[in-house]
Amino acid sequence: MPPLRQGIIEDQVFLTGLDLTRKLGDREDSVEPGPFGSAWCIALTDLHRNFEAQLARKNRRRSPPVAIPAPIRFYARRDTPEAPLNQQALSSFLWSVADLLRGDYKQADYGKVILPFTVLRRLDCVLAPTKKAVQDEYALRTAQGVPADPFLRRKAGAAFYNTSSLDLTGLVGDQDNISSNLYAYIQAFSPEVRDIFERFEFAAQIDRLHKAGLLYQVTEKFARADLHPDRVDNHQMGLVFEELIRRFAELSNETAGEHFTPREVIRLMVHLLFVEDDGTLSGRAVRTIYDPTAGTGGMLSIAGEYLTEHNPGAELVMFGQELNPESYAICKADMLIKGQDVSNIAFGNTLSEDGHPGKHFDYMLSNPPFGVEWKKVEKTVREEHERRGHAGRFGPGLPRVSDGSLLFLLHLLSKMRPARDGGSRFAIVLNGSPLFTGGAGSGESEIRRHVLENDLVEAIIALPTDMFYNTGIATYVWVLTNRKPAHRKGLVQLIDGSSFWQKMRKSLGSKRKEIPDEGIATLTQLFGRATPAELARVLDAGGKELSRHVLFPGDTAPEPPEGGQVKRAPLSRLMRNEDFGYRQITVERPQRDAAGRVVLGAKGKQKGKPQPDTGLRDTETVPLSEEIEAYFAREVLPHAPDAWVDHDKTKVGYEIPFSRHFYVFEPPRPLEAIDADLAQVTARIQAMLAGLTA
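Everything numeric in this text was worked out from a predicted model, so none of it was measured.

Along the chain, Met-364 falls in strand E8 (residues 363–366). Taking relative accessible area as the criterion, Met-364 reaches 0% and is therefore assigned buried. Sequence spacing of Met-364 and Gly-320 is 44 residues, and the spatial spacing of their C-alpha atoms is 9.5 Å. Among residues more than four places away in sequence, those in contact with Met-364 are Leu-273, Ile-289, Tyr-290, Leu-412, Lys-415, Met-416, Ser-424, Arg-425, Phe-426 and Ala-427.

Given below as structure tokens:
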């Protein structure tokens, strides 16, 4: 056979590789990757005249049509552009597979196809440059009869490999055997990758797509996307996964607790973790980081990127655990590509089955689900609480079953490295409920009491509302550590970051706001300086904000413009741990008979003592910083001289009324100004009525 010549079709309007394959049938010799990342290379031994005429009709800009001799090697470009690098556009491109699934799949099930295929294409592209070398190495080691695994990983230049001669592009060249070939291709991956697709239950989806006649079309669609890290970096890929999962969550009507953490919130948390440790992380530092609610691994990834950016010589070893099989699979795939040890990513429920028992970490991050009940694991958690007490994870107390977020905080406390070994710091996102829910003696109050009396809370930062994709509620970042610097000991810093936001150009679900980079920098600076601060807002005469300034002690406030004003409000406050504590005392009043005489006890310890009237019983909250007797004499006795305190019923509680510490009273307008406005409005109305009757 004479050597094949090459003809190149440059435009996207021509027949694609798929069209050529379909029309030429058995005249196709092979389908193999072309010299271009976006091309199909199809070797042909014959071109029928009808096909030549059809090609000429499509190639209308070439006149006269170029005669195409046989045999010829033909490079036909795809019918879509190069896989876009823009995250939003790439997400939309991958999401367009839903058009193929519509009718055969429910909307809520689209993710069962799109997510594993996206992971598969990503891994496929990562391994493409070393595929030939891995195949040769596999053949060599198999012939030698030695275990090939370590050699294949070295040849692949990654923590995983695939021994098949197929890839996603090659799979679409054999339409009749697409199902068996795709399954064989999956089985040729290294064990940790096979586990990823088992979590996706991908084999079941392959079978379902094959029966629906969609497997070839879906595979061909994904084969067009170039997801190599050189074109789509890990950060962009993480955003793509989260965008896809967010869309699936919206279609599934998932609850407000099922959400993903916005990347700017993660960046803020990472900055807060590392801002005081710049010196510690210099040089060849090796540190561990853990996320018990890892999701797709976004928090771990951003922490790694931050450390690499600030100290390329430092190494961050990542650990995590995730309950959702699909999120776990994506996280594991991401860690594989980053070269992390994927055995550090555990699967399962963190509360009932600790995936890293006995391990402690330098840093931790978490965004547990908001307001999600823990009834399914209640038996296991209560058993650990009652049996192991403070030797286990949940010794301080248990929150109400309707919200388990504080259980994750207790879990992280148990993972802190002892202070004598360097200690730990972690940041966790919680909603407003853990700040104040539960009275004295309740599980929530006892957990707050534990972290405050042990001086573990470093700071609490309020975030803007409407920050998360599936919920618009107020949220807070708690920063806890067992290695506070001297100037922070005994103190908790409260930072009101609720005004540091900008409106998004396009809302994503419930997410309408984002924290800009300068906002992250300001909040990080406030935390790092650990001093009180104020926010000064400069307003014009109409009340429009012109500028804002952060004022630290000693700073001079800006001058107001003519007719305008400068509004100042607390931005950062330092509170003592005991400022959040209180005693709940029970105030009793005597029971009286019909004649008004006090009823006395007749026997036992109560003999001769006034008997309490349960109908008049009341409770009072006394700050820990104040003596009970002094408070009682000042606040109660002047109104009820016969009252007394039942000290046996006194309880200690803790709450953090965050908003109260940042409330600024604005006096109402002067009555004269209000009267003047009313007179003006009344005059206008009378004038209008007069015009109607004239």
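Having seen it, we continue.
All right, on to the layout of surface pockets then. Over the atoms, a rolling probe the size of a water molecule traces out where space has been left empty. The calculated volume of the second largest pocket comes to roughly 590 Å³. Along the walls of the second largest pocket sit 21 residues, with Gln-87, Tyr-469, Met-504, Leu-508 and Glu-514 positioned nearest its centre. At the level of secondary structure, the elements contributing two or more residues to the lining of the second largest pocket comprise helix H3 (87–95), helix H13 (234–252), helix H14 (263–274), strand E13 (502–508) and strand E14 (511–514). Tallied by class, the residues present in the lining of the second largest pocket amount to six nonpolar, three polar and twelve charged.

Next up on the list: the sheet that holds strand E16 (residues 545–551). Pairing within the open sheet is mixed, and its eleven strands lie in the order E7-E6-E5-E8-E9-E11-E10-E12-E17-E15-E16. The open sheet terminates on both sides in strands that have one partner only, identified here as strand E7 (345–347) and E16. The average undirected angle you get between the axes of adjacent strands in this sheet is 15°. Pairing of strand E12 (residues 491–496) with strand E17 (residues 565–576), which is carried by five bridges, proceeds in the antiparallel orientation. Looking at the pairing, Val-492 lines up with Met-575 of E17. Each of strand E5 (286–291), E8, strand E9 (425–431) and strand E11 (475–481) is contacted by helix H18 (residues 405–414), which is oriented at about 175° to E9, the strand it contacts most. Across the sheet, helix H21 (residues 517–529) touches strand E10 (457–462), E11, E12, strand E15 (533–539), E16 and E17, and the angle it forms with E12 is around 160°.

Glancing now at the pattern of salt bridges. Taken as a whole, this structure holds 45 salt bridges when the rule is applied. A salt bridge links Arg-592 to Asp-642; its shortest N-O distance comes to 3.1 Å. Residue Arg-592 is found in the loop between strand E18 (581–588) and strand E19 (618–623), and its partner Asp-642 is found in the loop between helix H22 (628–635) and strand E20 (644–645); the two are separated by 50 residues along the sequence. On the basis of relative accessible area, Arg-592 is assigned to the partly exposed category, the value being 42%. Classification of Asp-642 by relative accessible area gives partly exposed; the value is 24%. A single network of salt bridges, built from pairs that share partners, joins Glu-276, Asp-277, Arg-425, Glu-458, Arg-483 and Arg-488.

Below, the discussion takes up the side chain of Thr-481. Looking at the secondary structure, you find Thr-481 in strand E11. Here Ser-424 takes part through its backbone oxygen, which lies 2.7 Å from a polar atom of the side chain of Thr-481.

Once that is clear, we can look at unusual backbone geometry. Of note in this structure, Asp-466 is not a glycine but carries a positive phi near 55°. Following the sequence through the fold, Asp-466 ends up in the loop between E10 and E11. A positive phi is found at Ala-530, a non-glycine position, where the angle reads about 50°. As for its position among the elements, Ala-530 is in the loop between H21 and E15. Given the relative accessible area of 8%, Ala-530 is considered buried.

Right, let's get into the side chain of Glu-588. Mapped onto the secondary structure, Glu-588 falls in strand E18. Of the polar contacts made by the side chain of Glu-588, one reaches the side chain of Arg-617; its length is 2.8 Å. Apart from the residues lying within four places of it in its own chain, the contact partners of Glu-588 are Pro-612, Arg-617, Asp-642, Ala-643, Trp-644, Asp-646 and Lys-649.

In terms of burial, E11 is a largely internal element, seven of the seven residues being buried. Here E11 shows a buried face lined by Thr-475, Val-477, Val-479 and Thr-481 and a second buried face lined by Tyr-476, Trp-478 and Leu-480. Bridge analysis of E9 against E11 gives seven bridges, and the strand direction is antiparallel. Residue pairing across strands places Ile-428 opposite Trp-478, the latter belonging to E11. Where E10 lies against E11, five bridges are found, and the strand directions are antiparallel. Counterpart to Val-457 in the pairing with E11 is Leu-480.

Our focus in this paragraph is the packing of aromatic side chains. By the definition in use, this model includes 15 aromatic pairs. Among the aromatic side chains, those forming a connected cluster through ring pairs are Phe-117, Tyr-185, Phe-189, Phe-197, Phe-200, Phe-202 and Phe-222. Note that Arg-488 overlies the ring of Phe-527, its terminal NZ or CZ placed 4.4 Å from the centroid. Lying across the ring of Phe-552, Arg-529 places its NZ or CZ 3.7 Å from the centre.

Residues of E8 alternate between two faces, with Tyr-363 and Leu-365 on one and Met-364 and Ser-366 on the opposite face, all of them buried. Pairing of E5 with E8 involves two bridges; the strand directions are parallel. Opposite Ile-289, over in E8, you have Tyr-363 as the bridge partner. Two elements, E8 and E9, share four bridges in a ladder whose sense is parallel. If you follow Ser-366 over to E9, its bridge partner there is Ile-428.

To continue, consider the confidence of the model for the protein. Low pLDDT means the predicted atomic positions in that stretch should not be read closely. The predicted model of the protein has a mean per-residue pLDDT of 84, with 86% of residues at 70 or higher. For the protein, strand E3 (residues 39–44) is the element with the lowest average pLDDT, namely 32, and E12 is the one with the highest, namely 98. Low pLDDT (under 50) marks residues 1–54, which in the prediction has 115 contacts with non-local residues, meaning those over four places away or in another chain. Contacts for the low-pLDDT stretch residues 65–84, under 50 throughout, to residues beyond four places or in other chains number 82 contacts.

By secondary structure assignment, the location of Arg-224 is in the loop between helix H12 (215–223) and H13. Measuring from C-alpha to C-alpha, the distance between Arg-224 and Arg-121 comes to 9.4 Å, with 103 residues separating the pair along the chain.

For the pair H18 and helix H20 (residues 443–453), interaxial distance at closest approach is 11 Å and the crossing angle is 30°. With respect to each other, H18 and H20 are oriented roughly parallel. In this structure, H18 crosses over H20, and the sense of that crossing is left-handed. Across the interface between the two elements, Leu-406, Leu-409, Leu-410 and Leu-413 from H18 touch Glu-444, Ile-447, His-450 and Val-451 from H20.

Calculation criteria
Residues numbered from 1 in each chain as written. Predicted model: local features only at pLDDT ≥ 70, side-chain atom pairs only at ≥ 80, totals over all residues. Heavy atoms only, no water. Helix = DSSP H or I, 4+ residues; strand = E, 2+ residues; numbered from the N terminus. Buried < 20%, exposed > 50% of the residue type's maximum accessible area, 1.4 Å probe, protein only. Contact = heavy atoms within 4.5 Å. 1 Å grid on protein atoms, 1.4 Å probe; cavity = no way out; pocket = protein on both sides within 12 Å on 5 of 7 lines; lining within 4 Å. Points joined across faces, edges and corners; volume = space filled by probe spheres on them. Nonpolar A, V, L, I, M, F, W, Y, C, P; charged D, E, K, R; others polar. Pairing = 2+ DSSP bridges. Axes fitted to C-alpha atoms, helices over the stretch in contact; angles between N-to-C directions. Salt bridge = Lys/Arg side-chain N within 4 Å of Asp/Glu carboxyl O. Polar contact = N/O pair within 3.5 Å; in protein donor to acceptor, adjacent residues only side chain to side chain. Phe/Tyr/Trp six-rings, centres within 6.5 Å; stacked < 30°, edge-to-face > 60°. Lys NZ or Arg CZ within 6 Å of the ring centre and 35° of its normal. pLDDT = per-residue confidence, 0-100. Parallel < 35°, antiparallel > 145°, perpendicular 65-115°, else oblique. Left-handed = near helix turned anticlockwise from the far one by under 90°.

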